[in-house]
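Coordinates in review
Read off the chains here:
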Amino acid sequence: MSTPESRTTDSRLVTEAYILRSKAADPNDGRCLVENCSIHRNIQYCHVLSRSYKSNETPISSLEWYWKMRKGTLNIDTRYNVFPAGASVHGMYDKGQWILVPDDTIVHMYYNTLRQDTRTTDRSAYQDVPNGTFNYTLIPLRNMEEVAITRQNNTMIPVRLDAFEVHIYPFTSLPKLHSHVHPKFTIIAAGDQMRKLPESVRNKLLDEFSILAEVFAVYVAWTFPISGRVGRADNSYFPPHPGNDDDEFHDEGSENAPSSTAVGRTGACKRCRSKHPASRSAGGPGQGSKQSVGRGVRSPGVEGTDSLAHQIVAKRKRDSGLSEKVVAKHTKKVGKAEWDNDSLMEWSQKVEPNYLVPNMEC
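Residues numbered from 1 in each chain as written. Predicted model: local features only at pLDDT ≥ 70, side-chain atom pairs only at ≥ 80, totals over all residues. Heavy atoms only, no water.

**Comments concerning the overall build of the protein**
Along the protein, the regular secondary structure elements total 12 helices and 7 strands. Each of the 362 residues in the protein was classed as buried or not, and the buried ones make up 48%. Long-range pairs, those at least 24 residues apart, make up 75% of the contacts in the protein between residues at least 6 apart in sequence. When the accessible surface of the protein is split by element, carbon and sulfur atoms take 52% of a total near 18,200 Å². (Helix = DSSP H or I, 4+ residues; strand = E, 2+ residues; numbered from the N terminus. Buried < 20%, exposed > 50% of the residue type's maximum accessible area, 1.4 Å probe, protein only. Contact = heavy atoms within 4.5 Å. Areas by Shrake-Rupley, 256 points an atom, 1.4 Å probe, with all protein chains shown as cover.)

Encoded structure:
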């Protein structure tokens, strides 16, 4: 079973193929990461970094930039972002009640790539960690004081009563958890949950678990929005991968590429693309999609909206006299690009007259 309704309303979005890939990479043979319970005890498959990130262009583009990936290739559904968990453990994770934190050595490595004066980073500073088995610590964030975790330490059959241990808040007695999920996903997921905490709660947590200060600093640096001008100037990042309509669910193509896909993240769901044919690139020619105007993308801890950008791009399309369908069709053909008034108007003059629509003010 895949991530439930708290993450997505369609369980089919994580296919049997992803489950098989995750099982093949999982050092625990499909047992619950936290409880180590049997695969016959309602095991589900949990995304470390929420699938909701796929619909939020700014943080995804930032991660692709800072992780030295080409725009449009981050695969949230990769096996390295999915782990098996019992139903209750999965449910608590989805609610942000606990997080996974990598070993200090990995966190230190990423943290040391940041500029120590500003705690920012750039694309060239990123150091990737090869896929493998990693050690994680479970850290409770909220509403875990009344929870007990029963972990099975002995997997011999038949099961014995002395094979289980009970762990209570703050779960410091839990052993290190071993998983194939990649540390960079857990850092972003942990930082995102910490960002949602009240400042007083977050500060108390940082005092109790000092490593979280570095985790949060890396999260903020990696999700900081990038300049479109800077991105377009780097041919290893832009133009973006065009996507592929022939493969609805394509996992990563290389064991050494833990989060990328040859298809690209825009090729993940045909149904979503048919609903929002031009919503795949912030600032692209099809910006006037059905996505809610004004909802925007917030940088960590900062309130903001991109509604003005939506209005500007919409006006450019009206001025060109082109329908959104035509602009989206051209975008799919030549790739996403940042349009200005001059370039859009110049291209619009070349379009066949029967594709034009009346120039109307809304």
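What follows picks up the thread again.
**Quick word on the confidence of the model for the protein**
Any region with low pLDDT has predicted coordinates that should not be read closely. Of all residues in the protein, 62% attain a pLDDT of 70 or more, and the chain-wide mean is 76. A low-confidence stretch, residues 266-310 (pLDDT under 50), is modelled with 87 contacts involving residues beyond four sequence positions or located in other chains. For residues 351-362, every residue scores under 50 in pLDDT, and the model assigns this stretch 16 contacts once sequence neighbours within four places are set aside. (pLDDT = per-residue confidence, 0-100.)

**Some words on the nonpolar core**
Grouped together as the largest cluster of nonpolar side chains are 69 residues, with contacts concentrated most on W67, F83, W98, L212 and W222. Ranked by residue count, the leading element in this core is helix α7 (residues 211-222), at 9 residues. Setting aside chain neighbours within four positions, we find W98 in contact with V34, F83, V89, M92, Y93, L138, I139, P140, L141 and M144. (Core = buried A, V, L, I, M, F, W, Y, C linked by side-chain atoms within 4.5 Å.)

**Comments concerning the side chain of E214**
Mapping E214 onto the fold places it in helix α7. Summary of buried charges: E214 has no salt-bridge partner, and the nearest side chain of opposite charge, R119, is 8.2 Å away. The contacts of E214, once residues within four sequence positions are left out, are V107, H108 and Y111. (Lys, Arg positive; Asp, Glu negative; His and termini not counted. Salt bridge = Lys/Arg side-chain N within 4 Å of Asp/Glu carboxyl O.)

**Quick look at the environment of Q193**
Of note, Q193 is situated in helix α5 (residues 183-195). As a C-alpha pair, Q193 and F216 span 23 residues in sequence and 9.8 Å in three-dimensional space. The residues touching Q193, leaving out its near neighbours within four places in the chain, are G96, I99, L141 and R142. Side chain to side chain, Q193 and R142 meet in a polar contact 3.5 Å long. (Polar contact = N/O pair within 3.5 Å; in protein donor to acceptor, adjacent residues only side chain to side chain.)

**Considering the packing of aromatic side chains**
Applying the stated criterion to the full structure yields 11 aromatic pairs. With centroids separated by 5.8 Å and ring planes inclined at 90 degrees, the aromatic side chains of F83 and Y93 adopt a geometry described as edge-to-face. With F83 in strand β2 (residues 82-86) and Y93 in helix α3 (residues 87-94), this residue pair connects regions lying 10 residues apart in the sequence. Like F83, the residue Y93 is buried in the burial classification. These aromatic residues form a ring-pair network of at least three members: W67, Y110, Y126, F185 and W222. Note that R123 overlies the ring of W65, its terminal NZ or CZ placed 5.0 Å from the centroid. (Phe/Tyr/Trp six-rings, centres within 6.5 Å; stacked < 30°, edge-to-face > 60°. Lys NZ or Arg CZ within 6 Å of the ring centre and 35° of its normal.)

**Observations regarding the packing of helix α4 (residues 104-111) against α7**
Interaxial distance between α4 and α7 falls to 9 Å at its minimum, and their mutual angle equals 40 degrees. Judged on the interaxial angle alone, α7 and α4 are oblique. For the pair α4 and α7, the sense of crossing is left-handed. Only I211, E214, V215, A217, V218 and W222 of α7 make contact with α4, whose side of the interface consists of D104, V107, H108, Y110 and Y111. Taken together, the residues that form the contact of α4 with α7 break down as 8 nonpolar, 1 polar and 2 charged. (Axes fitted to C-alpha atoms, helices over the stretch in contact; angles between N-to-C directions. Parallel < 35°, antiparallel > 145°, perpendicular 65-115°, else oblique. Left-handed = near helix turned anticlockwise from the far one by under 90°. Nonpolar A, V, L, I, M, F, W, Y, C, P; charged D, E, K, R; others polar.)

**Thoughts on the sheet that holds strand β7 (residues 177-179)**
Spatially, 3 strands are ordered β3-β4-β7 in an open sheet, and the strand pairing comes out antiparallel. Both edges of this open sheet fall to β3 (98-102) and β7, since each of them pairs with a single strand only. Within this sheet the neighbouring strands show an average axis-to-axis angle of 45 degrees, counted without direction. The sheet contact formed by strand β4 (residues 134-140) and β7 spans 3 bridges and is antiparallel. (Pairing = 2+ DSSP bridges.)

**Structural notes on unusual backbone geometry**
With an omega of 0 degrees, the peptide bond between I157 and P158 qualifies as cis. Going from F238 to P239, the amide bond is cis rather than trans, its omega being 10 degrees. Tracing the chain through its elements places P239 in the loop between α8 (228-232) and α9 (270-275). Non-glycine residue N42 carries a positive phi angle of around 50 degrees. Turning to its location among the elements, N42 is positioned in the loop between α1 (16-25) and β1 (43-47).

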